[in-house]
Amino acid sequence: MTFVTLVGWMAAATADPEPVGRLAQMLPSEVHGWKPTEADGLYDADNLYDYIDGGAEVYRSFNVRGVRARRYAKPGEEDLIADLFDMGTPQDAFGAYHHDMREGIDPGVGQESEQTEGALSFWKGQYFVALLALDETDAARLALLALGRAIADAIPEEGAPPALLRFLPKADLVRSQVHYFHDHLCLNLHYFLADENLLKLDRTTEGLLARYVWGKAGQPKAPGCVLVLARYPDADHARQAHHRFMQVYLPDADANGMARTEDGRWAGARLRKDLFIGVFDAPSNRDVERMFGEVDRAAVRATPAAPSKGDSDHEPQDKRRDTS
Amino acid sequence: MSHKTNGVTRRDFLRNAAGATLAGTAGLSAWGQDTSGTKAKVVLVRDAGALDADGAPSAEALQRMLDDAMMDLFGGADPAAPWKGLFNADDTVGIKTNVWRFLRTPKALEAAIKRRLVEAGVPEDRIGLDDPGVRTNPLFQQATALINVRPMHTHHWAGVGSLLKNYITFHDKPYTWHKDACANLAGLWELPSIKGKTRLNVLVMLSPLFHGKGPHHFQKKYTWPYKGLLVGTDPVAVDATGLRILEAKRLGFFGEQQPFAVSPHHIRIAEEKFHLGVANPARIELSKLGWMEDVLI
């Protein structure tokens, strides 16, 4: 064991052996000549602000349990930074990963990944991993890929993404812009609805925000709409949220729950048992109705086998892990 | 019948001119060419030699850029004169810098500012330089004047890290300003430790970050060597000008008007709600000095 590795291990053991201590075992002690240069940074939900400033609130909203941050250095090269987030559940690891738009290439690391010139991010199981190169050399890019693969290999099991994904209509979906959330704060970051928590979102709820573009094949895509799904612990909670939303946001809604908003577009909301369905920025009321119908059909397909967490559409049954 | 809510909704924004902010832009263009009302001057100075091949700032170039900007902003041919007009031996000056690890205010620029302050007669031991510690730093507690200097970059919560945002560490609960993309950041400037004290604003545009991703909201790929400084007395006008440069860069990079992930409407709101300065580009006199290649605005 090198001195550096020992220091990192001691820091983990002293500060909080679980869960961040476990994360140490997932980080290699060397990759393509890059080696750790200092003790790992260890953070939990309470002190994550010390490390990533404003961004900490995002990961706190996804119930982050612990973070281990390791800086790797190599003579003649800029440093690499590896951040391992233990999010507690695969669903929240998915949420942390999809907080950002994911329009880059997927190099096949973990369950979903994205590599850009100076960064590699992925999620696997309950872990979200963000790797950053402070320069964009070929050597750094290859090292990031090797580092990512080593970490992914060290994560023993995959996990299921949110079951709510099965309620999303797939046609015209902008796959790089699907965002999972629990609370009002995160929803508002992606799509500002209101200062007030109209949808009564909290840690017991889960939601998806997805963007759609419509257009015929071969023609430029036009903006389509924004779909917001929110699932509540029970139908009563959903009904209360829907009621407040309609009171404040769509008081002028017609009998179908739709209204033309001040920008000339259409918004509408429906309730389906414990599920709130909101459609925003649609070109017409027919488009809103169509989205309602598509969500309904997806929900019917999803409901018979839908577990409360974890999406069986996305991973084979034998790959899912029980996170309860 | 509609029910009241404490705060605003998206539809409230759409109802007002600020709707443009929610469409994904800063809404700065929504004013059109209305030039009535208060005006502000901003100086953009650029130098091809401001960064070396590795991206390290040149102390010599930064001093020259700062001096040129100050002389253009306040007049005169002597670099020391503007500083003597703004500060004196009785002042205690806090230089509010920014030490974000990925894109900090260059130390060479901090040194250049400090040098000119000392030349203007401010005792060196009454010049504070701080970022996270401003609330407990005695020099900031006693400050009669502030200088606000930071790099511009896109930001998790505020859309952009701006001069307006740079004062958030003066508040004991910074997170309370995060609501609606930090819309009310200009309210910070009402804090007793800040109000009426800022005499100079310098927005560092040497290698701005025009797009951010990931936990740190930083990838070098989304920076570029613009090699500029924006200088002015109106923080809103300087921020609005910096924002226009980022928007222009994003347009070129993405090939289309790509909305900021988080709307930087706090700059516009600083004018509309707080009347702190001028965000409307039509009422900002922009003076451009030095290197003009790919100036973008």
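Residues numbered from 1 in each chain as written. Chains lettered and ligands numbered in written order. Predicted model: local features only at pLDDT ≥ 70, side-chain atom pairs only at ≥ 80, totals over all residues.

### Things to note about the overall build of chain B
At step 1: Across its full length, chain B holds 10 helices and 8 strands.
At step 2: Relative to its length of 297 residues, chain B is compact, with a C-alpha radius of gyration of 19 Å against a globular reference of 19 Å.
At step 3: For chain B, the spread of C-alpha atoms along the three principal axes comes to 65 × 40 × 40 Å.
At step 4: Within chain B, buried positions represent 50% of all 297 residues.
At step 5: A separation threshold of at least 6 residues defines the contact pool for chain B, and within that pool the share at least 24 residues apart is 72%. (Helix = DSSP H or I, 4+ residues; strand = E, 2+ residues; numbered from the N terminus. Rg over C-alpha atoms; globule rule 2.2 N^0.38 Å. Buried ≥ 20, exposed ≤ 12 C-beta atoms within 10 Å, placed from the backbone. Contact = placed C-beta atoms within 7 Å.)

### Comments concerning the overall build of chain A
At step 1: Each helix and strand counted, chain A has 9 helices and 13 strands in total.
At step 2: With 324 residues in all, chain A has 48% of them scored as buried.
At step 3: Counting only contacts in chain A whose residues sit at least 6 apart along the sequence, the fraction spanning at least 24 positions is 64%.

### Points about the interface of chain A and chain B
At step 1: If you look at the interface, chain A gives 29 residues, while chain B gives 30 residues.
At step 2: Broken down by secondary-structure element, the contributors of at least two residues to the side of chain A that touches chain B are strand 6 (119-124), strand 7 (127-133) and helix 8 (235-248) of chain A.
At step 3: Classifying every residue of the side of chain A that touches chain B by side-chain character gives 12 nonpolar, 7 polar and 10 charged. (Nonpolar A, V, L, I, M, F, W, Y, C, P; charged D, E, K, R; others polar.)

### Structural notes on helix 3 (residues 59-74) of chain B
Residue and element names in this part refer to chain B.
At step 1: In this model, helix 3 (16 residues) spans 22 Å end to end at C-alpha, consistent with the 22 Å of a helix rising 1.5 Å per residue.
At step 2: Among all positions of helix 3, only Ala 61, Leu 62, Met 65, Leu 66, Ala 69 and Met 70 are buried. All buried residues of helix 3 fall inside an arc of 160° around its axis, so they share one side.
At step 3: On its buried face, helix 3 sits against strand 1 (40-46), helix 4 (80-86), helix 5 (107-119), strand 7 (228-232) and strand 8 (284-290).
At step 4: Looking one or two residues past helix 3, Gly 75 carries a phi angle of roughly 90°, positive in sign. (Expected span 1.5 Å × (residues − 1). Arc of directions from axis to C-beta.)

### Side note on the domain arrangement of chain A
Residue and element names in this part refer to chain A.
At step 1: Parsing chain A into structural domains produces domain 1 (3-154) and domain 2 (163-305).
At step 2: Using only C-alpha atoms to locate each centre, domain 1 and domain 2 end up separated by 32 Å.
At step 3: With 11 residues of domain 1 in contact, the opposing surface of domain 2 contributes 10 residues.
At step 4: Among the elements of the structure, helix 4 (56-61) and helix 5 (90-97) are those that each provide at least two residues to the side of domain 1 that touches domain 2.
At step 5: Counting residues per element, the side of domain 1 that touches domain 2 draws most heavily on helix 4, which supplies 3 residues.
At step 6: For the side of domain 1 that touches domain 2, a count of residues per class yields 4 nonpolar, 4 polar and 3 charged. (Domains from an automatic or database assignment.)

### Some words on the confidence of the model for chain A
At step 1: Here chain A shows a mean pLDDT of 86. Residues at 70 or above account for 85%.
At step 2: Within the model, pLDDT remains below 50 along residues 311-324 of chain A, and this stretch shows 30 contacts once partners closer than five positions in the same chain are excluded. (pLDDT = per-residue confidence, 0-100.)

### With respect to the confidence of the model for chain B
At step 1: Of the residues in chain B, 92% have a pLDDT of 70 or more, and the chain-wide mean is 91.
At step 2: Note on the complex model: pTM 0.81, ipTM 0.81.

### Here we look at the nonpolar core
At step 1: Counting residues in each nonpolar core, the largest one holds 172 residues, and the members touching the most others are A:Leu80, A:Phe128, A:Leu131, A:Leu229 and B:Leu229.
At step 2: Two domains share this core, each providing at least three of its residues, namely domain 1 (3-154) and domain 2 (163-305) of chain A.
At step 3: Not counting chain neighbours up to four residues away, the residues in contact with A:Leu131 comprise A:Leu80, A:Ala82, A:Ala119, A:Leu120, A:Leu144, A:Leu147 and A:Gly148. (Core = buried A, V, L, I, M, F, W, Y, C linked by C-beta atoms within 7 Å.)

### Let's talk about the pairing of strand 1 of chain B
Residue and element names in this part refer to chain B.
At step 1: Burial analysis of strand 1 places 6 of its 7 residues in the buried class, the great majority of the element.
At step 2: Two strands pair when backbone bridges link them, and strand 1 and strand 8 are joined in this way by 7 bridges, in the parallel orientation. Within strand 8, the residue paired with Val 43 across the bridge is Ser 287.
At step 3: Pairing between strand 1 and strand 7: 5 bridges, direction antiparallel. Bridging from a neighbouring strand, Val 43 pairs with Val 231 of strand 7. (Pairing = 2+ DSSP bridges.)

### Remarks on the packing of helix 3 of chain B against helix 5 of chain B
Residue and element names in this part refer to chain B.
At step 1: It is at 9 Å that the axes of helix 3 and helix 5 come closest, and there the two elements cross at 45°. The angle between the axes of helix 3 and helix 5 places the two elements in the oblique class. In the crossing of helix 3 with helix 5, the sense of the turn from one axis to the other is right-handed. Where helix 3 abuts helix 5, its residues Ala 59, Leu 62, Gln 63 and Leu 66 lie against Ala 108, Leu 109, Ala 111, Ala 112 and Ile 113.
At step 2: For the contact of helix 3 with helix 5, the residue count by class is 8 nonpolar, 1 polar and no charged. (Axes fitted to C-alpha atoms, helices over the stretch in contact; angles between N-to-C directions. Parallel < 35°, antiparallel > 145°, perpendicular 65-115°, else oblique. Left-handed = near helix turned anticlockwise from the far one by under 90°.)

### Quick notes on helix 9 (residues 285-302) of chain A
Residue and element names in this part refer to chain A.
At step 1: Here helix 9 spans 26 Å end to end across 18 residues, near enough to the 26 Å set by a 1.5 Å rise per residue.
At step 2: The complete set of buried residues in helix 9 reads Asp 287, Val 288, Met 291, Phe 292, Glu 294 and Val 295. For helix 9, the angular spread of buried residues about the axis comes to 165°, placing them on one side. Exposed residues pointing more than 90 degrees away from the buried face of helix 9 are listed as Arg 286, Gly 293, Arg 297 and Val 300.

### Points about unusual backbone geometry
At step 1: For A:Asp172, which is not glycine, the phi dihedral falls at a positive 65°.
At step 2: As for its position among the elements, A:Asp172 is in the loop between helix 6 (138-154) and strand 8 (173-181).

### Some details on the environment of B:Leu44
At step 1: Residue position: B:Leu44 is located in strand 1.
At step 2: Judged by local crowding, B:Leu44 falls into the buried class, with 27 C-beta atoms found within 10 Å.

### Digging into the environment of A:Thr261
At step 1: Looking at the secondary structure, you find A:Thr261 in the loop between strand 11 (258-260) and strand 12 (266-272).
At step 2: The class for A:Thr261 is buried, based on 20 C-beta atoms found within 10 Å.
At step 3: In sequence terms A:Thr261 and A:Glu158 are 103 residues apart; their C-alpha atoms lie 43 Å from each other.
At step 4: Aside from chain neighbours lying at most four places away, what touches A:Thr261 is A:Trp266, A:Ala267, B:Arg11 and B:Leu14.

### Side note on the environment of B:Val43
At step 1: If you trace the backbone, B:Val43 turns up in strand 1.
At step 2: Residues in contact with B:Val43, not counting those within four places in the same chain, are B:Ala69, B:Asp72, B:Leu73, B:Val231, B:Gly232, B:Ser287 and B:Leu289.

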